[in-house]
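Descriptive analysis of the structure
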Amino acid sequence: MAYILLGLAIGLELLATTLLKYSVGFTKLWPTLGCILSYISCFYLLSKALNTINLGVAYATWSAVGIVVTSIISATLFGEKVNLIGAMSLVLIITGCILLNLYGTTSK
């Protein structure tokens, strides 16, 4: 259940970050409100997930998924390019997150 909460938190963070771009510096009302509500909701869900998941694992997973999916969103929605070094960096981030989840921490 904790990983479901973490997944929902990550999804809301991705939505919030995308809406942050659409808010144009908080000058557009609806994207701004959606952004703020999504961030509040995502941090609430993250706090619930942290009752079970180690902080290091949860934050590494949050960060890795957020960075990779945000890069995909920025390329898809906003036409921002990722070069070869950037793509290789994303692979290393994913690899690091997997290794941390498998071997990097001990349970509570």
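Throughout, residues of each chain are indexed from 1 in the direction in which the sequence is written. Where local features are concerned, this predicted model is filtered to residues with pLDDT of at least 70; where side-chain atom pairs are given and counted, the filter is 80 or more; whole-chain, interface and lining totals use all residues. Based on all heavy atoms of the structure, the side-chain values leave hydrogens and waters out of the count.

The helix and strand labels rest on DSSP assignments: H or I over at least four residues marks a helix, E over at least two residues marks a strand, and numbering proceeds from the N terminus. Looking only at helices and strands, the protein features four helices and zero strands. Secondary structure elements of the protein occur, N-terminal to C-terminal, as α-α-α-α. Over its C-alpha atoms, taken along the principal directions, the protein stretches across nearly 45 × 35 × 15 Å. Relative to its 108 residues, the protein shows a buried fraction of 31%. By the convention used here, residues are in contact when the closest approach between their heavy atoms is within 4.5 Å. Of the contacts formed within the protein by residues at least 6 apart in sequence, a portion of 69% connects residues at least 24 apart. In this description, accessible areas are obtained by the Shrake-Rupley approach with a 1.4 Å probe, and a residue is regarded as covered only by the protein chains that are shown. In the structure as shown, the protein presents an accessible area of about 6,900 Å², 74% of it carried by carbon and sulfur atoms. Note on classification: 1.4 Å probe, protein chains only; a residue is buried when its accessible area is under 20% of the maximum for its type, exposed when over 50%, partly exposed between these limits.

Let us now look at unusual backbone geometry. Unusually for a residue other than glycine, V24 sits at a positive phi of about 50°. Mapped onto the elements, V24 comes out in the loop between α1 (2-22) and α2 (29-49). In the Ramachandran plot, F26 falls in the positive-phi region, its phi being about 60° despite a non-glycine side chain. Here F26 shows up in the loop between α1 and α2. Relative accessible area serves as the criterion here: at 48%, F26 is assigned to the partly exposed category.

We now examine the confidence of the model for the protein. Overall, the prediction assigns the protein a mean pLDDT of 93, with 97% of residues at 70 or greater. Looking over the protein, one finds the lowest element-wise mean pLDDT in helix α4 (residues 84-104), namely 89, and the highest in α2, namely 98. A residue's pLDDT is simply how confident the predictor is in it, with values from 0 to 100.

Secondary-structure assignment places S23 in the loop between α1 and α2. Here a polar contact means two N or O atoms within 3.5 Å. Within protein one must be a hydrogen donor candidate and the other an acceptor candidate, and residues neighboring in sequence count only if both atoms are side-chain atoms. Here the side chain of S23 touches L20 through a polar contact of 2.8 Å, landing on its backbone oxygen.

The next subject is the packing of aromatic side chains. Stacked, tilted and edge-to-face pairs are distinguished by plane angle, under 30 degrees for stacked and over 60 for edge-to-face with tilted covering the rest, among Phe, Tyr and Trp rings (Trp via its six-membered ring) whose centres lie within 6.5 Å. Throughout the structure, instances matching the rule amount to three aromatic pairs. Their ring planes at 20° and their centres at 6.4 Å tell us that Y39 and F43 sit as a pair that is stacked. Of the two residues, Y39 and F43 both sit in helix α2, four residues apart, roughly one turn of that helix. Using a relative accessible area of 23% as the deciding quantity, one classes Y39 as partly exposed.

Let us now look at the packing of helix α3 (residues 55-78) against α4. To obtain each axis, a line is fitted to C-alpha atoms, and for helices this fit is confined to the stretch in contact; angles are then taken between N-to-C directions over 0 to 180 degrees. Across the interface, α3 lies against α4 with an axial gap of 9 Å and an inter-helix angle of 155°. When the axis of α3 is compared with that of α4, the two are roughly antiparallel. Remark: the crossing between α3 and α4 carries left-handed chirality. Residue-level inspection shows G56, V57, A60, T61, A64, I67, V68 and S71 of α3 in contact with α4, the latter providing L90, I93, I94, C97, L100 and N101. Grouping the constituent residues of the contact of α3 with α4 by class yields 10 nonpolar, four polar and no charged. Throughout, the term roughly parallel applies to angles under 35 degrees, roughly antiparallel to angles over 145, roughly perpendicular to angles from 65 to 115, and oblique to all others. Put simply, a crossing is left-handed when the front helix is turned counterclockwise from the back one by less than a right angle, and right-handed when it is turned clockwise. Polarity classes work like this: nonpolar for Ala, Val, Leu, Ile, Met, Phe, Trp, Tyr, Cys and Pro, charged for Asp, Glu, Lys and Arg, and polar for all others, with Gly in that last group.

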